[in-house]
Amino acid sequence: MRGLCREGPWMVVLAALVLLLVSSRWEGSKARPVAWGHLGAGRSQRARNVVMVMCDAFDGRLTFYPGNQTVILPFINLMKRYGTVFLSAYTNSPICCPSRAAMWSGLFTHLTESWNNFKGLDPNYTTWMDLMQKHGYRTQKYGKLDYTSGHHSVSNRVEAWTRDVDFLLRQEGRPMVNLTGNKTFVRVMEEDWQNTDKAASWIRKEATNFSQPFVLYLGLNLPHPYPSPSTGENFGSSTFLTSPYWLEKVTYEAIKIPKWPPLSDMHPVDYYSSYTKNCTGKFTRKEIRDIRAFYYAMCAETDAMLGEIISALSDTGLLKRTIVIFTADHGELAMEHQQFYKMSMYEASSHVPLLVMGPNIKAHHHLSNVVSLADIYPTMLDAASMKPPVHRSRMQIYRLMHSLQKQFNKDIARIPIPQNLSGYSLIPLLAEMAEDEVSSRRLHPTWILSEFHGCNANSSTYMLRTDKWKYIAYSDGHSVPPQLFDLSADPDELTNIATTFPEVTYSLDKKLCSIVNYPRISASVHKYNKKQFINWKQSLGQNYSNVIANLRWHQDWLKEPRKYKDAIHRWLQMNTNE
């Protein structure tokens with residue numbers, strides 16, 4: 001099973017995995033795979049191994065119907081069948097670094113002040129993995145991390161700092177597709193495959209020898225779009241790249257062409273986003289369908305990498321005592337709302353996959369509860385010391401093992417969950433637990449918060465997601481109109497009903513203000529942006545004019561450089577007493 005996708009069709013491997021997991025025995029009226037077990041001895045009884053695969057820009061709606069009809073995702077489907085899938089999981093900030101900062105810290109974006117891709121956590125910040133290591137876990141990370149400050153391009157940070165400037169510049173290449181290789185070309189995103197190989201090898205060669213439980217993290221770049229060097233020296237990532245091998249996994253007929261309103265009817269922040277992402281031009285239906293198809297094909301390649309990790313765990317016998325988590329930092333608009341990329345609170349951008357599979361995790365379980373990536377932090381700590389459920393027929397065995405367990409707790413103690421976290425443990429929702437254990441935990445509220453303060457949006461944005469409502473507030477709550485969507489009646493978010501239902505709008509805004517004083521946060525971000533830009537400008541000295549002209553917006557900037565420099569100057573002169 002080594003080298004799963006290099007050795008030909010990996011559906012054979014999937015079939016073997018399914019046979020392994022389908023082997024089951026009956027307990028009353030419920031079937032339970034033998035592979036997971038309930039009463040393993042020693043280490044597996046005290047603490048579970050945990051493996052997390054986090055990809056980049058994966059639309060969470062693809063993990064359940066009807067979105068998953070467009071592309072074959074066998075290993076995600078495997079996790080759905082033998083685990084729990086969250087149908088309403090969201091990013092806390094729809095952009096790479098701030099989203100990951102929330103996941104690694106368990107805190108909302110405004111609490112960590114992870115305002116953009118340049119501003120994340122301090123490198124020495126204590127993450128959930130640090131705590132697990134402190135409490136006896138062996139830990140390992142591979143691939144994309146991207147949650148600390150100081151990374152990403154100069155363009156990325158300057159575009160975020162200058163979003164309040166009164167100008168409009170295209171900051172990306174026009175979204176496009178690129179087909180590479182032939183029907184046997186599998187490893188398109190080679191960097192991701194190499195990191196996947198490293199993680200799988202670590203499982204096979206090292207993790208199998210541990211006397212302690214382990215936690216493994218694999219970060220993938222896919223299905224994030226690829227760089228577009230054809231747009232010039234300073235370019236963004238607007239190319240959807242795949243091979244015929246992966247494109248064959250996509251059902252073109254099932255691809256939905258999104259509806260676009262006229263540009264004049266767009267919400268002002270949407271128009272700014274669409275323009276800066278170079279999406280306000282004409283696109284044919286074929287162009288749109290191809291972009292979406294290529295994106296889905298990139299998701300299929302991502303799924304195969306997840307499969308490599310599951311296969312490594314299965315091959316080594318570790319799967320039966322390992323909790324596997326699959327998620328993403330944010331989604332991908334893929335031309336919905338006349339945009340690509342993320343940086344938006346629309347479902348395609350903010351909705352993320354979240355699937356969990358492993359011992360004592362409920363199988364074939366679909367949860368509609370709203371949850372977010374900030375919940376990962378307490379969930380990881382809770383999973384580390386999760387006890388097996390108590391069945392009446394096993395009560396005597398459990399009591400015996402409970403008494404024996406005390407001597408093992410010296411090695412792996414229950415990891416205390418910090419009380420100041422924004423997130424909540426998801427273990428009570430997805431695990432088979434004794435009732436007293438569920439009642440002793442903080443229950444997740446019926447809402448989640450997401451916020452955005454970075455580039456490609458000219459306003460700080462705040463989303464409150466509840467049962468069927470999505471409320472989006474902007475800036476100070478007055479200068480930019482809010483949005484309200486009933487996702488049960490309008491899943492494509494085409495009709496803003498904020499003025500149609502003023503009582504609901506008022507109620508949700510009041511709730512949002514009780515969670516975060518968003519006008520104050522917006523003002524703080526405004527001051528931060530201006531201060532950072534001034535410091536950057538001063539650091540360049542005489543090189544400033546040349547550097548700013550040749551960022552990602554260079555094709556527009558160089559047409560009227562004086563106009564754009566003057567706009568920045570006026571912005572810097574405004575409210576100089578701030």
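Residues numbered from 1 in each chain as written. Predicted model: local features only at pLDDT ≥ 70, side-chain atom pairs only at ≥ 80, totals over all residues. Heavy atoms only, no water.

Caption draft 1: Seen up close, the overall build of the protein. The number of helices and strands found in the protein is 21 helices and 15 strands. In the protein, which comprises 578 residues, the share counted as buried stands at 60%. The long-range fraction of contacts in the protein, counting pairs at least 24 apart against all pairs at least 6 apart in sequence, stands at 78%. Counting every atom, the protein has about 23300 Å² of accessible surface; 52% of that belongs to carbon and sulfur. (Helix = DSSP H or I, 4+ residues; strand = E, 2+ residues; numbered from the N terminus. Buried < 20%, exposed > 50% of the residue type's maximum accessible area, 1.4 Å probe, protein only. Contact = heavy atoms within 4.5 Å. Areas by Shrake-Rupley, 256 points an atom, 1.4 Å probe, with all protein chains shown as cover.)

Caption draft 2: Structural detail: the packing of aromatic side chains. With the rule as written, the count across this model stands at 28 aromatic pairs. Pairing Phe167 with Trp557 gives two aromatic rings, centres 6.3 Å apart and planes at 80 degrees, and the pair type is edge-to-face. Of this pair, Phe167 sits in the loop between helix H7 (154–161) and strand E6 (176–179) while Trp557 sits in helix H20 (residues 554–557), placing them 390 residues apart in sequence. In this pair, the class of Phe167 matches that of Trp557, namely buried. Centre to centre, the rings of Tyr462 and Tyr518 are 5.2 Å apart; their planes meet at 40 degrees, and the pair counts as tilted. Separated by 56 residues along the polypeptide, Tyr462 in strand E13 (residues 461–465) and Tyr518 in helix H18 (residues 518–540) bring together distant segments of the chain. With respect to class, Tyr462 is no different from Tyr518; both count as buried. A cation sits over an aromatic face here: Arg174 above Phe283, 3.8 Å from the ring centre. Above the ring of Tyr245, the side-chain terminus of Lys249 is found at 4.6 Å from the ring centroid. (Phe/Tyr/Trp six-rings, centres within 6.5 Å; stacked < 30°, edge-to-face > 60°. Lys NZ or Arg CZ within 6 Å of the ring centre and 35° of its normal.)

Caption draft 3: Region of the structure containing the sheet that holds strand E12 (residues 448–452). Taking strand neighbours across the sheet as the criterion, the 4 strands line up as E12-E13-E14-E15 in an open arrangement whose pairing is antiparallel. Across the chains shown, the open sheet's two edge strands, defined by having one partner strand only, are E12 and strand E15 (483–486). Across this sheet, the average inter-strand angle for adjacent strands is 15 degrees, counted without regard to direction. Pairing analysis gives 5 bridges linking E12 to E13, with the strands arranged antiparallel. By the bridge assignment for E13, Ser450 is matched with Met463. Sheet contacts for helix H17 (residues 502–515): E12, E13, strand E14 (469–474) and E15; angle to E14, the most-contacted strand, approximately 65 degrees. (Pairing = 2+ DSSP bridges. Axes fitted to C-alpha atoms, helices over the stretch in contact; angles between N-to-C directions.)

Caption draft 4: Spotlight on the environment of Lys144. Secondary-structure assignment places Lys144 in the loop between strand E5 (138–143) and H7. Assessed through its relative accessible area of 16%, Lys144 is described here as buried. Filtering out sequence-adjacent residues up to four positions away, Lys144 remains in contact with Asp56, Cys96, Arg100, Tyr217, Gly219, Leu220 and Asn221.

Caption draft 5: Examining the side chain of Asn360 more closely. For Asn360, the position within the fold is in the loop between strand E10 (354–357) and strand E11 (365–372). Reaching out from Asn360, the side chain makes a polar contact with the side chain of Arg48 at a distance of 2.4 Å. (Polar contact = N/O pair within 3.5 Å; in protein donor to acceptor, adjacent residues only side chain to side chain.)

Caption draft 6: H7, seen in detail. In terms of residue burial, H7 counts as a mostly covered element, since 7 of its 8 residues are buried. What H7 keeps buried is the set Ser155, Asn156, Arg157, Val158, Glu159, Ala160 and Trp161.

Caption draft 7: Geometry of the sheet that holds strand E3 (residues 49–55). Strand order in the open sheet formed by 7 strands is E5-E7-E3-E9-E10-E4-E11, and the pairing between neighbours is mixed. The two strands at the open ends of the sheet, each matched to only one other strand, are E5 and E11. Each neighbouring strand pair of the sheet contributes to a mean axis angle of 15 degrees, computed without reference to strand direction. Of the strands in this sheet, E3, E5 and strand E7 (214–219) are in contact with helix H4 (residues 96–105), which crosses E3 at around 170 degrees. Its contacts with the sheet put helix H13 (residues 376–384) on E3, strand E9 (322–328), E10 and E11, and the angle it makes with E3 is roughly 160 degrees.

Caption draft 8: How the structure looks around the pairing of E13. Most of E13 sits out of view: 5 of its 5 residues are buried. Burial along E13 is two-sided: Thr461, Met463 and Arg465 facing one way and Tyr462 and Leu464 facing the other are all buried. As paired elements, E13 and E14 share 5 bridges and run antiparallel to each other. If you follow Thr461 over to E14, its bridge partner there is Tyr474. Connecting E13 to the antiparallel partner E14 that follows it, the hairpin turn spans 3 residues.

Caption draft 9: Up close: the packing of H18 against helix H21 (residues 561–573). Following both chains from N to C, one finds H18 and H21 inclined at 120 degrees, their axes separated by 11 Å at the closest point. What the angle tells us is that H18 and H21 run oblique. Considering how the two elements wind past one another, H18 and H21 form a crossing that is left-handed. Two secondary-structure elements touch here, H18 through His526, Asn529, Lys530, Phe533, Ile534 and Lys537 and H21 through Ile568, Trp571 and Leu572. (Parallel < 35°, antiparallel > 145°, perpendicular 65-115°, else oblique. Left-handed = near helix turned anticlockwise from the far one by under 90°.)

Caption draft 10: Layout of unusual backbone geometry. Residue Leu222 is joined to Pro223 through a cis peptide bond whose omega torsion reads -5 degrees. Relative to the helices and strands, Pro223 resides in the loop between E7 and strand E8 (239–242). Residue Ala334 is not a glycine yet carries a positive backbone phi of 50 degrees. Here Ala334 is to be found in the loop between E9 and helix H12 (347–350).

Caption draft 11: Representation of the pattern of salt bridges. Scanning the entire structure with this criterion turns up 22 salt bridges. The salt bridge involving Lys470 is made with Glu347; its shortest N-O contact spans 2.7 Å. Residue Lys470 is found in strand E14, and its partner Glu347 is found in helix H12; the two are separated by 123 residues along the sequence. Among the residues examined, Lys470 registers a relative accessible area of 0% and is labelled buried. Residue classification places Glu347 among the buried positions, given a relative accessible area of 6%. When salt bridges that share partners are traced, they join Asp56, Arg100, Lys144 and Asp329 into one network. (Salt bridge = Lys/Arg side-chain N within 4 Å of Asp/Glu carboxyl O.)

Caption draft 12: Spotlight on helix H11 (residues 285–315). Here H11 spans 45 Å end to end across 31 residues, near enough to the 45 Å set by a 1.5 Å rise per residue. Of all the 31 residues making up H11, 26 are buried; the element is thus mostly covered by neighbouring parts of the structure. (Expected span 1.5 Å × (residues − 1).)

Caption draft 13: How the structure looks around the packing of helix H3 (residues 74–82) against H11. It is the contact of H3 with H11, at a shortest axis distance of 7 Å, that shows an interaxial angle of 55 degrees. With respect to each other, H3 and H11 are oriented oblique. In contact with Pro74, Phe75, Ile76, Leu78 and Met79 of H3, H11 contributes Asp303, Leu306, Gly307 and Ile310. Class assignment of the residues belonging to the contact of H3 with H11 gives a composition of 7 nonpolar, 1 polar and 1 charged. (Nonpolar A, V, L, I, M, F, W, Y, C, P; charged D, E, K, R; others polar.)

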